[in-house]
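Below, each chain spelled out in residue letters.
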Amino acid sequence: MKIEGGNLKKAGLYLLIVLSIARFAVVPAKTAVEKRTAVVEDYLSAYASKSDLLQRYLAIDTKDDPEVNNELASLIYPKGSNRTAIQTEIVNLLTKSAEANALVVQNFQLIEGTEDTVLIEASVMVRIQGLLKPTYKLFKAIADARPVLRIKSVEINVMDKTYTTKIVVSGYIRKV
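Just so you know, these numbers come straight off a predicted model, no measurement behind them.

Thresholds applied
- For every chain, the first residue of the written sequence is number 1, and numbering continues from 1 along that sequence.
- Restriction of local features to residues with pLDDT of at least 70 applies here, the model being predicted, together with a cutoff of 80 or more for giving and counting side-chain atom pairs; totals for whole chains, interfaces and linings are based on all residues.
- Only hydrogens and water are removed before side-chain values are computed, so all heavy atoms of the structure are retained for them.
- Only DSSP runs of H or I reaching four residues or more are called helices, and only runs of E reaching two or more are called strands; each is numbered from the N terminus.
- All radius of gyration figures rest on C-alpha atoms, and the globule criterion is 2.2 Å times the number of residues raised to 0.38.
- We count a salt bridge whenever a side-chain nitrogen from Lys or Arg sits within 4 Å of a carboxyl oxygen from Asp or Glu.
- The classification of residues rests on relative accessible area computed with a 1.4 Å probe and restricted to protein chains. Under 20% of the type maximum is buried, over 50% is exposed, and intermediate values are partly exposed.
- The pairing criterion is simple: DSSP has to find at least two bridges between the two strands.
- Residues grouped as a nonpolar core are buried Ala, Val, Leu, Ile, Met, Phe, Trp, Tyr and Cys residues, joined through side-chain atoms within 4.5 Å.
- Here a residue-residue contact requires only that any non-hydrogen atoms of the pair lie within 4.5 Å.
- Helix axes are fitted to C-alpha atoms over the stretch in contact, other axes to C-alpha atoms as well, and angles between N-to-C directions run from 0 to 180 degrees.
- By convention, the crossing between two helices is left-handed when the near helix turns anticlockwise from the far helix through less than a right angle, and right-handed when the turn is clockwise.
- Only Asp, Glu, Lys and Arg are considered charged in this grouping, and only Ala, Val, Leu, Ile, Met, Phe, Trp, Tyr, Cys and Pro are considered nonpolar; every other residue, Gly among them, is considered polar.

Q: An account of the overall build of the protein chain is requested, with residue identities and associated values reported.
A: The number of helices and strands found in the protein chain is four helices and four strands. Walking the protein chain from its N terminus toward its C terminus, one meets helices and strands in the order α-α-α-β-β-α-β-β. In terms of C-alpha radius of gyration, the protein chain reaches 32 Å, well past the compact-globule figure of 16 Å for 176 residues. C-alpha atoms of the protein chain, sized along the principal axes, occupy 100 × 55 × 25 Å.

Put into structure tokens, the structure is as follows:
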């Protein structure tokens, strides 16, 4: 089979066109795959670091270290604390702070909190009425409380010049 000069040039041109199209299709795809591979490798290294930290945290025996126990005692409620008693304590703190800041407590509700392997959550929902500046002072009192309390959610509704604020506050009990 003999290929003539004109047919050889056409075949070469077609081959060049096919290779250039393949280059423009394959190179961007390869680059995108390399970028995604780099992202996955970053996630894997971050996961490995976090897993290592978790394993070290789980290996800590807090019973033998009084410094850790003292620090935890100032941050969360001790093991075996009564959830309802803590919720009542949170309601008392919020009520006293609200009254001291000229806020009116409309109602409160003890909420069933979550429980995991390390902590038990004791949550309270309180609805207060008053101006924003005293409400901010109430938030400051919650932030300064010890053991630490967490404001899980805040909902503020405006009616005329008064504000009704619904706050969900949680305290945590050590389970381990």
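Q: For the pattern of salt bridges, give the residues involved together with the corresponding values.
A: Here the structure, examined in full by the defined rule, presents five salt bridges. Note that glutamate 121 and lysine 152 form a salt bridge whose closest N and O atoms lie 3.1 Å from each other. A residue pair is termed long-range when its members are at least 10 positions apart, and glutamate 121 in strand E2 (residues 119-130) and lysine 152 in strand E3 (residues 149-159) qualify at 31 residues. Accessibility expressed as a relative area gives 38% for lysine 152, which makes it partly exposed. The salt bridge involving lysine 140 is made with aspartate 144; its shortest N-O contact spans 3.7 Å. Taken together, the residues lysine 140 and aspartate 144, both in helix H4 (residues 132-144) and four residues apart, mark about one turn of the helix. Connected through salt bridges with shared partners, the residues Arg83, Glu112 and Glu115 form a single ionic network.

Q: If you had to explain the pairing of strand E1 (residues 104-115) to someone new, which residues and values would you point to?
A: Here E1 pairs with E2 via nine bridges, running antiparallel. Considered in E2, the bridge of asparagine 107 is made with arginine 127. Remark: three residues form the turn of the hairpin made by E1 and E2, two consecutive strands paired antiparallel.

Q: Outline the nonpolar core, listing residues and values.
A: Core analysis: the biggest nonpolar cluster contains 20 residues, and Ile90, Leu94, Ile128, Leu138, Ile142, Leu149 and Val169 have the highest contact counts within it. For leucine 94, the contacting residues outside a window of four places in its chain are Val126, Leu138, Ile142 and Val169.

Q: Can you explain the sheet that holds E1? Please cite residues and give values.
A: Overall, antiparallel pairing links the four strands, which are arranged E1-E2-E4-E3 in an open sheet. Two strands close off the open sheet at either side, each with one partner strand: E1 and E3. For this sheet, the mean angle separating the axes of adjacent strands, direction not counted, is 15 degrees. In this sheet, strand E4 (residues 162-174) lies alongside E2 in antiparallel orientation, the contact comprising twelve bridges.

Q: Lay out the packing of helix H3 (residues 83-100) against H4 in plain terms, naming residues and giving numbers.
A: Where H3 meets H4, the closest approach of the two axes is 9 Å, and the angle between their N-to-C directions is 145 degrees. Read as a crossing pair, H3 and H4 show a hand that is right-handed. Each of Leu94, Ser97 and Ala98 in H3 lies in contact with H4, whose residues at this interface are Leu138, Ala141 and Ile142. Residues belonging to the contact of H3 with H4 are distributed by class as follows: five nonpolar, one polar and no charged.

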